[in-house]
Amino acid sequence: SASASNDSLNVLVNYVNALLAVLLPFGLTPLVKFSTSEDFLGKENVPGLAERTLLWAGAFLVYATNAFSLSAVGGGFFGDVVTGKQTAGTVQLGILMDVVQVLYLAWNVYVIMLPIKTPMRPITDARPVKDEGCFGVVGFESPLLEEQGNSDVLGSPLLINDHVDGNVNINTNNQTNNNQCV
C-alpha cells in the first residue's frame, strides 16, 4: 500500500517529536548563554538576576527532561529497546545509551563553560561583510552609501533609520577592504 496506516503515521510523528526534543538543548543552551552573558551583551543590557535564573532553570529542565527521555521506557529511544530480556544487542545498546548520555551532558557543560571573547556588535554599526569574505551577507547596495564614499558597506533592511534626510545613518568604522562582494 502506498499510504501509511494511522498507527504507523502516529509512531513516525512520535519519533520525530522525540528527536526534535532531544535536539532542542543544542539551540536553547547557546541561546541562553548569549542572552544572559554580560560579556556579550554588556553590563547595561544584561537581564536581571531573576530573569537569568529563570532562563537557566528552564534550559536545565529542557536538558534534564530530554536526557531522561533518552533512557526512559516510552521515551522513544533507548529505553524501549534495552528493557526486557538481556541479549548481546541490548547490552551494546545500553553501552551506546551511556555514551550518548555522557556526550549529551558534556556538550551542554562545554557550552555553559565556554568563554565569550567577542562582545555583540551594536545594531547601528554596519556589518563589515567585505572583511568577512561575504559570509552571510544580508543587506542591499545603496546609492546613498556610494555617494557618501561608503561603497564597501551594505545597507541593512533591518535598520529603519538608514535614510534620514537623504543621508545614510550607519557607523562605518573599520571599513578598509575593497574586495568585491555582493
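Sequence order as written defines residue numbering, which begins from 1 separately in each chain. Predicted model: local features are reported for residues with pLDDT of at least 70 only, side-chain atom pairs are reported and counted for 80 or more only, and whole-chain, interface and lining totals are derived from all residues. Each side-chain value is derived from all of the structure's non-hydrogen atoms; neither hydrogens nor water enter the calculation.

Draft legend 1. Geometry of a nonpolar patch on the surface. On the surface, a cluster of nonpolar side chains totalling about 700 Å² of accessible area is made up of Leu 9, Leu 12, Val 13, Val 16, Leu 19, Leu 20, Leu 23 and Phe 26. Counting through the fold element by element, Phe 26 comes out in helix α1 (residues 6–35). Without a salt bridge and with relative accessible area above 30%, a residue can belong to a patch; like charges are then joined within 9 Å and nonpolar side chains (Val, Leu, Ile, Met, Phe, Trp, Tyr) within 5 Å. Residue burial considers only the protein chains on display, and all accessible areas are found by Shrake-Rupley using a 1.4 Å probe. The term salt bridge refers to a pairing of a side-chain nitrogen on Lys or Arg with a carboxyl oxygen on Asp or Glu at a separation within 4 Å. Numbering goes from the N terminus for both helices and strands, where a helix is a DSSP run of H or I of at least four residues and a strand is a run of E of at least two.

Draft legend 2. View of helix α3 (residues 49–71). Over its 23 residues, α3 extends 33 Å from the first C-alpha to the last, a length consistent with the 33 Å expected when each residue adds 1.5 Å. Accessible area is worked out with a 1.4 Å probe on protein chains only. A residue is then buried under 20% of its type maximum, exposed over 50%, and partly exposed in between. Along α3, the residues that are buried comprise Ala 59, Val 62, Tyr 63, Asn 66, Ala 67, Ser 69 and Leu 70. On its buried side, α3 packs onto α1, α4 (78–82) and α5 (88–113). For a helix, the expected span equals 1.5 Å multiplied by the number of residues minus one. Any two residues having at least one pair of non-hydrogen atoms within 4.5 Å are treated as being in contact.

Draft legend 3. Layout of the confidence of the model for the protein chain. Values of pLDDT, which run from 0 to 100, indicate the predictor's confidence residue by residue. Per-chain confidence: the protein chain averages 75 in pLDDT, with 67% of residues scoring 70 or above. Per-element confidence in the protein chain ranges from a low mean pLDDT of 44 for strand β1 (residues 163–164) to a high of 92 for α3. pLDDT under 50 marks residues 158–182. Its contacts with residues more than four places away, or in other chains, come to 50 contacts.

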